[in-house]
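Single-letter residue listing:
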Amino acid sequence: RTGAITPVARIAPQMVGGVTVENVTLHNVGEVERLGLKIGDKVTITRRGDVIPKIIENLGPANQKDLENRFHANGDEFSIQLKQEQIIIPQLCPACERELVIDGAFLRCISLECEARTNRAITYWCRSLEMDGIGEKLVELLLDKGLISSIADLYSLEHHQISSLERMGDKSANNVIEELNKTKNLSLSKFLHALGMERIGPEVASVFAQHFITMEAILKWVDSGEIEQVTQIDGIGEKVAEIFKLGIQKRRQSIDDLMELIGINDEDSKHSGSLDNQTFCITGSHSRGRKEIALAIKNAGGKVVGSVSKNLDYLVAGEKAGSKLITAEGLGITIMTETELFEKIKPQKSSTSKTLFEF
Ligand SMILES: [Zn+2]
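Note that the structure is predicted; figures quoted are calculated from it, not measured. Position labels on residues start from 1 in each chain and follow its written sequence. Where local features are concerned, this predicted model is filtered to residues with pLDDT of at least 70; where side-chain atom pairs are given and counted, the filter is 80 or more; whole-chain, interface and lining totals use all residues. Values reported for side chains reflect all heavy atoms of the structure, with hydrogen atoms and water molecules removed beforehand.

### Points about the overall build of the chain
We apply this condition: Working definition: helices are DSSP H or I runs of at least four residues, strands are E runs of at least two. Numbering for both runs from the N terminus. Burial classification: accessible surface area is computed with a 1.4 Å probe over protein chains only, and a residue below 20% of its type maximum counts as buried, one above 50% as exposed, and the rest as partly exposed. Residues are treated as being in contact if the distance between any of their heavy atoms lies within 4.5 Å. Using a 1.4 Å probe, the Shrake-Rupley method yields the accessible areas, and only the shown protein chains count as cover for residues.
Along its length, the chain carries 14 helices and 12 strands. Principal-axis analysis of the C-alpha atoms places the extent of the chain at approximately 65 × 65 × 45 Å. Each of the 359 residues in the chain was classed as buried or not, and the buried ones make up 43%. The contacts of the chain with a sequence gap of at least 6 include a subset with a gap of at least 24, amounting to 58%. Working note: accessible area of the chain is about 19,800 Å², and carbon and sulfur atoms make up 48% of it.

Put into structure tokens, the structure is as follows:
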């Protein structure tokens, strides 16, 4: 979705928590440099829960002995001649062979026409709009058969085109058409989120939508507005404002096409939801950023305050919560964790796509 290329390290088989690991993520190109990795190095890996294992430490060149008595998951013995080599950073996109660009720690394919990105962008669209039965495999098949080449093309698909695909019958085709029809009318915030712009998750999309109210107003701002118009919004910094502007510019054709096919409803500017008329204070460290948590609270109708007083309804306390936690306990204020907060917000489904962010 963002065109970032994620390097994966192949390691000699290693048992971690009862599982044989041979692939570990390196997150981004910057990580390779940060760890000073070379091919043939010995490394420390960690695996937490179901997360993909990662390298946390480079122990320098390995020796042949380190590779002894290692077995693949199927029991075959691992055997390889150890060598020391520099890691060569690829210059071209593995999917479309266009030139890659370095963007901070990331290596990216910035072409929106890249097959890998088109597939991801369409899949992201379908997932963020919760379309059942339209997953990555189907999107890939539709792209391969030339039935679609953009998000907008989804809305021109015909029943017989879908039902003629492998493992798709009449019923599945009906379902796909039905799911697509359900998304022919979207709120502006859902539309913005589903476009899959980098850093524009559901909370941020909702903030932009509530500020601009209409898609036309956003396009007008992108064409001739100032960045400052947007950085005035609480929670929106210059970087995100610029990413948003650029993201819309890059997707302009796609947005114009979609606006012809689906209705984008003006955003209701009033924040309202499961947290109406409740005040929250956030303290300690959380898995989400504090701004993101505050936006989620505001989007659900709640109010965020900076200090603890007897008028406070809830203190959202994370790890290493300090004096605010003590004060709140003294005042008998309800303490909740980040997880409990998002459980409370859940009916609005405002945080479901955190895991899709890396697309
Ligand atoms: Zn590419």
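### Focus: the nonpolar core
Here is the rule: Within this scheme, the nonpolar core is defined by two criteria: the residues are buried Ala, Val, Leu, Ile, Met, Phe, Trp, Tyr or Cys, and they are joined through side-chain atoms within 4.5 Å. Domain start and end points were adopted from an automatic or database domain assignment.
By size, the foremost hydrophobic cluster in this structure holds 54 residues, and its most contacted members are Trp-125, Leu-154, Phe-191, Leu-192 and Ile-248. Among the elements that make up this core, the one with the highest residue count is helix α7 (residues 202-212) (6 residues). Both of domain 2 (115-183) and domain 3 (186-265) provide at least three residues apiece to this core. In this structure, Leu-192 is in contact with Met-197, Ala-205, Phe-208, Ala-209, Met-215, Ile-218, Phe-244 and Ile-248, ignoring residues within four places of it in sequence. Core analysis: the next-biggest nonpolar cluster, separate from the first, contains 14 residues, Phe-280, Ile-282, Ala-300 and Tyr-314 among them.

### So, the packing of α7 against helix α10 (residues 238-250)
What counts is decided by this rule: Working convention: axes come from line fits to C-alpha atoms, limited for helices to the stretch in contact. Angles between N-to-C directions cover 0 to 180 degrees. Any angle between 65 and 115 degrees counts as roughly perpendicular, while under 35 counts as roughly parallel, over 145 as roughly antiparallel, and the rest as oblique.
Two elements in contact, α7 and α10, have axes whose closest approach is 12 Å; the angle formed by their N-to-C orientations is 80°. As the angle between them shows, α7 and α10 are arranged roughly perpendicular. Packed against α7, whose contacting residues are Val-204, Phe-208 and Phe-212, the element α10 presents Val-240, Ala-241 and Phe-244 at the interface.

### As for the environment of Glu-179
Here Glu-179 shows up in helix α5 (residues 170-182). Under the relative-accessibility criterion, Glu-179 is labelled buried at 7%. Taking the C-alpha atoms as reference points, Glu-179 and Ile-45, separated by 134 residues in sequence, lie 42 Å from one another. Beyond its immediate stretch of four places on either side in the chain, Glu-179 contacts Glu-130, Met-131, Asp-132 and Ile-134.

### Topic: the side chain of Arg-108
The criterion, for reference: Any pair of nitrogen or oxygen atoms within 3.5 Å is treated as a polar contact; in protein, a donor-acceptor pairing is required on top of that, and neighbouring residues in sequence qualify only through side-chain atoms on both sides.
Within the fold, Arg-108 resides in strand β6 (residues 106-108). Given the relative accessible area of 7%, Arg-108 is considered buried. Within the structure, Arg-108 has its side chain in polar contact with the side chain of Asp-103 (distance 2.7 Å). Side-chain polar atoms of Arg-108 contact the side chain of Glu-198, separated by 3.1 Å. Those residues in contact with Arg-108 that sit more than four places away from it in its chain are Thr-2, Gly-3, Ala-4, Ile-5, Leu-100, Val-101, Asp-103 and Glu-198.

### Let's talk about the pattern of salt bridges
A pair can form between side chains of opposite charge whenever their charged atoms are brought close. Selection criterion: The rule for a salt bridge is simple: a side-chain nitrogen of Lys or Arg has to be within 4 Å of a carboxyl oxygen of Asp or Glu.
Counted by the stated rule, this structure contains 10 salt bridges. Across the pair Glu-85 and Lys-83 runs a salt bridge whose closest N-O atoms are separated by 3.6 Å. Its relative accessible area of 35% is what places Glu-85 among the partly exposed residues. We classify Lys-83 as partly exposed; its relative accessible area is 49%. Across the salt bridge formed by Arg-252 and Asp-223, the nearest N and O atoms sit 3.1 Å from each other. In this pair, Arg-252 sits in helix α11 (residues 252-261) while Asp-223 sits in helix α8 (residues 215-224), placing the two residues 29 residues apart along the sequence.

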